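Here is what each chain is made of, one letter per residue.
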Amino acid sequence: MSFELINKVNQAQKKQAVVDARSGDTVRVYQKIKEGNKERIQMFEGVVIRTDNKGSHTSRITVRKIASGVGVEKSFLLHSPLIEKVEIVRRAKVRRKFLSFLRKRSGKSARLTAKSFDRVAVNNVHDAKAEAEAERLKEEAAQAAAAKQAEKDAAQAELDAKAAEVEARHKDA
């Protein structure tokens, strides 16, 4: 296989627009989770402690948060189809690319100095494909809810009919 062909396939897999997440940013990552035949979107919020391969199709961020007193780290491939969107909540002043020292710290010593930034402009990234996918998920959820409600209404109507039939039998007897 030629390098050009591999490059072409890699470029086809990339998303058109990705948020520029840096080390020290507090981000919310919205990830698609499949459970059986259902799909939902789960949010993971934490501090970016590492960024890798920024310009590549394999660009990745490692996000750390404290959940119930335990440090949890997750790596996300930014161009993965399972990542719905990445939203930057805070920016912090850091002087390193890999913030491994945060693993040993907790509480006040783990705080990073915030710096001001234009949150709306940074998060204003439009990926038409991702938005269409989110819209499709919402429509599927609405259709499933409507079908469930129709099923519930049919079951209620059946119960009402049986109750009326029983009532009529009692009147005759």
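Above this note sits the structure.
The rules behind these values
Residues numbered from 1 in each chain as written. Predicted model: local features only at pLDDT ≥ 70, side-chain atom pairs only at ≥ 80, totals over all residues. Heavy atoms only, no water. Helix = DSSP H or I, 4+ residues; strand = E, 2+ residues; numbered from the N terminus. Rg over C-alpha atoms; globule rule 2.2 N^0.38 Å. Buried < 20%, exposed > 50% of the residue type's maximum accessible area, 1.4 Å probe, protein only. Contact = heavy atoms within 4.5 Å. Phe/Tyr/Trp six-rings, centres within 6.5 Å; stacked < 30°, edge-to-face > 60°. Lys NZ or Arg CZ within 6 Å of the ring centre and 35° of its normal. Patch = residues over 30% accessible without salt bridge, like charges linked within 9 Å, V, L, I, M, F, W, Y side chains within 5 Å. Areas by Shrake-Rupley, 256 points an atom, 1.4 Å probe, with all protein chains shown as cover. Salt bridge = Lys/Arg side-chain N within 4 Å of Asp/Glu carboxyl O. Lys, Arg positive; Asp, Glu negative; His and termini not counted. Charge placed at Lys NZ, Arg CZ, Asp CG, Glu CD. Core = buried A, V, L, I, M, F, W, Y, C linked by side-chain atoms within 4.5 Å.

*Asks:* Got a sec to walk through the overall build of the chain? Specific residues and values, please.
*Replies:* Secondary structure summary: the chain contains 3 helices and 6 strands in total. In the chain, the succession of helices and strands from N to C terminus is α-β-β-β-β-β-β-α-α. Its C-alpha atoms give the chain a radius of gyration of 25 Å, clearly above 16 Å, the size a compact globule of 173 residues would have. For the chain, the spread of C-alpha atoms along the three principal axes comes to 90 × 50 × 30 Å. For the chain, the proportion of its 173 residues judged to be buried stands at 25%. Put simply, of all contacts in the chain between residues at least 6 apart along the chain, 58% involve residues at least 24 apart.

*Asks:* Tell me what's going on with the packing of aromatic side chains, and back it up with residues and numbers.
*Replies:* According to the stated counting rule, one finds 1 aromatic pair in the structure shown. Above the plane of the ring of Phe-98 lies Arg-50, whose end atom (NZ or CZ) is 4.2 Å from the centre. The ring of Tyr-30 carries the charged tip of Lys-85 above its face, separated from the ring centre by 5.0 Å.

*Asks:* Account for the environment of Val-48, with residues named and values stated.
*Replies:* By the element assignment, Val-48 lies in strand 2 (residues 38–52). Judged by its relative accessible area of 0%, Val-48 is buried. For the pair Val-48 and Val-63, spaced 15 residues apart in sequence, the C-alpha separation works out to 4.4 Å.

*Asks:* Mind laying out a positive patch on the surface, listing which residues take part and the relevant values?
*Replies:* Taken together, the side chains of Lys-93, Arg-95, Arg-96 and Arg-105 make up a positively charged region of the molecular surface. Looking at where Arg-95 falls in the secondary structure, it is placed in the loop between strand 5 (83–92) and strand 6 (114–115).

*Asks:* Before we move on, could you go through the nonpolar core and cite the residues and values that matter?
*Replies:* The biggest cluster of nonpolar side chains holds 13 residues, and the ones touching the most others in it are Val-27, Val-29, Ile-61, Val-63, Phe-76 and Val-86. When residues of this core are traced back to their parent elements, those giving at least two are strand 1 (26–35), strand 2, strand 3 (60–67) and strand 5. The greatest single-element share of this core, amounting to 3 residues, is contributed by strand 5. With 5 residues, the next largest nonpolar core counts Ile-49, Ala-92, Leu-99 and Leu-112 among its residues.

*Asks:* So, the environment of Glu-167: which residues are in play, and what are the values?
*Replies:* Structurally, the position occupied by Glu-167 is in helix 3 (residues 128–172). When its relative accessible area of 46% is taken as the criterion, Glu-167 is described as partly exposed. Sequence spacing of Glu-167 and Val-72 is 95 residues, and the spatial spacing of their C-alpha atoms is 61 Å.

*Asks:* Outline the pattern of salt bridges, supporting the account with residue identities and numerical values.
*Replies:* What the rule picks out here adds up to 17 salt bridges. One salt bridge in this structure joins Glu-39 and Arg-136, with 3.9 Å as the shortest N-O distance. Note that Glu-39 is positioned in strand 2 and Arg-136 in helix 3, a separation of 97 residues in sequence. When its relative accessible area of 30% is taken as the criterion, Glu-39 is described as partly exposed. The salt bridge partner of Glu-165 is Arg-169, with a shortest N-O separation of 2.9 Å. With a gap of 4 residues between them, Glu-165 and Arg-169 both fall in helix 3, about one helical turn apart.

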